[in-house]
Amino acid sequence: MTPTAPTAPTAPTAPTAPTAPTAPTSPADPDTPVTRVLVANRGEIARRVFATCRREGIGTVAVFSDADADSPHVAEADAAVRLPGSTSAETYLRGDLVIDAARRAGADAIHPGYGFLSENADFARAVQDAGLVWIGPPVKAIEIMGSKVESKAMMRDAGVPVLDRLDPASVTEADLPVLVKASAGGGGRGMRVVRELASLTDEIEAAAREALSAFGDATVFCERYLETGRHIEVQVMADRHGTVWAVGERECSIQRRHQKVIEEAPSPLVERTPGMRERLFDAARAATTAIDYEGAGTVEFLADERGEFYFLETNTRLQVEHPVTECTTGLDLVSLQLHVAADGGLPAAPPPTTGHAIEVRLYAEDPARDWQPQSGTLHEVDFGSAVQFDVPGSGTLPAEGLRVDSGVVGGSVVGVHYDPMLAKVIAVAPTRRRAAAVLASAMERAHLLGLRTNRDLLVRVLRHPSFLAGDTDTAFFATHGLAALARPLVGGDELRLSALAAALAEAAGRRAAAPVGRSLPSGWRNLPSVPQRAVYTVGAAEGEELVVEYRLGRDGLVTEVDDCTLVRCDARSVVLDHAGVRRTFTVLVHGSHVAVHSALGPVALERRPRFVDPSATVAAGSLVAPMPGSVVRIGVAVGDRVTAGQPIVWLEAMKMEHTITAPADGVVTDLAVSVGQQVEVDAVLAVVSELSDTQPTDTQPADTQPTDTEPADTEPHESREGEQS
């Protein structure tokens, strides 16, 4: 069943793991507690903060852009204030509008969430100047940590291990590979790995351009790149009375584009390395104390297999992956943020870690196509028995079970203005292997329809022998082969059986909607005739073609699938007996999108139309936009000769730059776009025609740098979380 109401579900109370109080007593309990909180954010983080506020009897206020008018977080709040516009720059990055919204809705506090303005010192200062409670760290701490260059210098002085900064002008071949990083942000934005000295300048310029778009600051720097590092971070919590907690560590080593994909607590590396946890916690507390920190934060490190580690940054906010810490400690970190912001104190020590929790980030993206983001409508989403936005001990999530933090429901539209993350799904269990097994099964059985996702990749990683052995690092996808990990979970005969179920269910749906003859089987004839035929592509319109042929007659189902009998069928459920084994298939259909779910695994299909609209065809060699976006750069001109894989156009969408390359050697015969132009999905960007036999082929490829046009000013977007070396 697809969730349609944005309220948190309930589940039976079960035995819980040891927990700490969600509002700890202290020598300085708050005299003026917060009564109404505005969350200066959107999606799942807004809903997460609202969940804690509801449990504690605190009123909630949402803000929303025009693109988010129908978002679940808007309906879930006690009050909501519109921020006119759709882009981040027009809405969630406008601190003045957010503060005005708090005043108008009667909020007495602002929680920044993560991304957007959460690490903006000027915004934090303005909130306090407006007489509102800032549910975050001190302004000075945000300012210090806002510059990776300055923060690393301070950490070195505090005795925290750091990687040396490299001056881009002095980088030599001996320093390679190096990592170019944005000074003012993270989440993979403004970050490039450079392996060839000749490309350093171009990569620095690209990183600076992306950093300026995301964070409003083009400052970048270089440091040594560790190919196989482990990303380890420590959750810290500090009050205003001198207590500093190192709550527990998390490992976030499995990443793509320097952005986290799978997180867990505790870290397998730390667990097996004697003395590492103590050294790690000491360093995290030293980093926290050095900047007089208050509230929730995360100190991030890059570690090697020997357990040596180096400071990366301190995130002065709640992290996307905070649920794995909550699930293994029983703490409600948002509750603690509220408590500390109201001048409450912490007990002397945090609770111990119990069990193991793993979180996966479900994205609307195609890993097999260079992590290409997807946009459109998510017609159906259901994670079964998973509990939303809860922690062990707060009433609904058992000590072993599933939690989901999501900003979408069935019918939600995933646009191009924000991050394409659909949900975080978390499993908690007594052991790491059991948590991985439970989570893989839950992801495999989740009902999803309408958008391509990274679900198959997540399941394959969770079941991979190296992951189960704890042998993970930031090069996991490169080491084990992204193509193999991203391939569909279901193939061969199992795929054919699922496609047959889809065709039967669709036919049953058409018969049920027919004005006459509903009781007759689809395609029924008194005499044998040609079989019924359905054509699908696997995954998307450009995927592998799958032809299904069958006939329903007096003797039942006749099909190319051997030893297959139809037991029963309707528009949503099909039961087939195959080789003596009975299986049930749930079939979800919306337009041409078809999803088949069974114990064999999930299958996403796209129904091919019987007749193709001639107006929908494009010229051979056309490069089309894979998603809606803005053209930020063009690297060629009409008449230029190009080689296969050469960049032609750069698009910015969903907070990232995407490069559109030539599919083959040829000549650019048409450029249909210009810098700054907004394009829709499937819009023709350029045409690369094949070289004729009479044209010489020994020319150099066209220069990919802009000539007389500068990249258009692009608007900043929320930074995706995640960081590696």
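Everything numeric in this text was worked out from a predicted model, so none of it was measured.

> How do you make sense of the sheet that holds strand E11 (residues 244–256) when you look at a structure like this?
The mixed open sheet is built from nine strands, whose spatial order is E14-E13-E10-E11-E12-E15-E23-E21-E20. Unpaired on one side and paired on the other, strand E14 (309–315) and strand E20 (387–388) mark the two borders of the sheet. Across the sheet, helix H1 (residues 43–55) is in contact with E20, strand E21 (401–406) and strand E23 (421–429); its angle to E21 comes to roughly 115°. Sitting on the sheet, helix H11 (residues 333–341) touches strand E10 (230–238), E11 and strand E13 (295–303), and the angle it makes with E10 is about 40°.

> What's the story with H11 in this structure? I'm lost.
Because each turn of an α-helix spans 3.6 residues, side chains separated by three or four positions end up pointing in the same direction. Within H11, nine of the nine residues are buried, which leaves the element mostly enclosed by the surrounding structure. For H11, the complete set of buried residues consists of Leu-333, Val-334, Ser-335, Leu-336, Gln-337, Leu-338, His-339, Val-340 and Ala-341. With a side-chain oxygen lying 3.1 Å from the backbone nitrogen of Val-334, the N-terminal cap of H11 falls on Asp-332. Positive phi appears at Asp-343, one or two residues downstream of H11, with a value of about 75°.

> Honestly, the confidence of the model for the chain in this entry has me stumped. Any pointers?
Parts of the model with low pLDDT should not have their predicted coordinates read in detail. Per-residue pLDDT for the chain has a mean of 87; in total, 86% of the residues score no lower than 70. Across residues 1–28, where pLDDT falls below 50, the model places 69 contacts with residues more than four positions away in sequence or in other chains. Here residues 693–725 is a poorly scored stretch, pLDDT under 50, and it has 119 contacts once near neighbours within four places are set aside; other chains count.

> Got a minute to help me understand the pattern of salt bridges in this structure?
Side-chain pairs of opposite charge can arise whenever the charged atoms involved come near each other. Scanning all chains against the criterion turns up 51 salt bridges. The closest approach of N and O atoms between Lys-424 and Glu-44, which form a salt bridge, is 3.3 Å. One end of the pair, Lys-424, is in strand E23; the other, Glu-44, is in helix H1, with 380 residues separating them in the sequence. Arg-496 is the partner of Asp-493 in a salt bridge, and the nearest nitrogen-oxygen pair spans 3.3 Å.

> In this structure, what is going on with the packing of helix H3 (residues 95–105) against helix H4 (residues 121–129)? I would like to understand it.
Angle between the axes and distance between the axes are the two parameters that describe a pair of packed helices. Following both chains from N to C, one finds H3 and H4 inclined at 30°, their axes separated by 10 Å at the closest point. Between H3 and H4, the angle is such that the two are roughly parallel. Here the hand of the crossing between H3 and H4 comes out right-handed. Of H4, the residues touching H3 (which contributes Gly-95, Val-98 and Ile-99) are Phe-123, Ala-126 and Val-127. Of the residues that constitute the contact of H3 with H4, the class distribution is five nonpolar, one polar and no charged.

> What should I look at first to understand helix H6 (residues 148–157) in this one?
Among all positions of H6, only Lys-148, Ser-151, Lys-152 and Met-155 are buried. Buried residues in H6, looked at end-on, bunch into an arc of 100°, giving them a common side. Away from its buried face, by an angle of more than 90 degrees, H6 presents the exposed residues Glu-150 and Asp-157. If you follow the buried residues of H6, they end up packed against helix H5 (139–145), strand E7 (178–182), strand E9 (220–224), helix H9 (276–290) and E14. Just downstream of H6 lies Gly-159, where phi reads positive at about 85°.

> Sorry if this is basic, but what is going on with the environment of His-464 here?
On the secondary structure map, His-464 appears in the loop between helix H13 (455–462) and helix H14 (465–468). Among the residues examined, His-464 registers a relative accessible area of 17% and is labelled buried. Setting aside chain neighbours within four positions, we find His-464 in contact with Phe-476, His-480 and Leu-485.

Conventions adopted
- Residues numbered from 1 in each chain as written.
- Predicted model: local features only at pLDDT ≥ 70, side-chain atom pairs only at ≥ 80, totals over all residues.
- Heavy atoms only, no water.
- Pairing = 2+ DSSP bridges.
- Helix = DSSP H or I, 4+ residues; strand = E, 2+ residues; numbered from the N terminus.
- Contact = heavy atoms within 4.5 Å.
- Axes fitted to C-alpha atoms, helices over the stretch in contact; angles between N-to-C directions.
- Buried < 20%, exposed > 50% of the residue type's maximum accessible area, 1.4 Å probe, protein only.
- Polar contact = N/O pair within 3.5 Å; in protein donor to acceptor, adjacent residues only side chain to side chain.
- pLDDT = per-residue confidence, 0-100.
- Salt bridge = Lys/Arg side-chain N within 4 Å of Asp/Glu carboxyl O.
- Parallel < 35°, antiparallel > 145°, perpendicular 65-115°, else oblique.
- Left-handed = near helix turned anticlockwise from the far one by under 90°.
- Nonpolar A, V, L, I, M, F, W, Y, C, P; charged D, E, K, R; others polar.
- Arc of directions from axis to C-beta.

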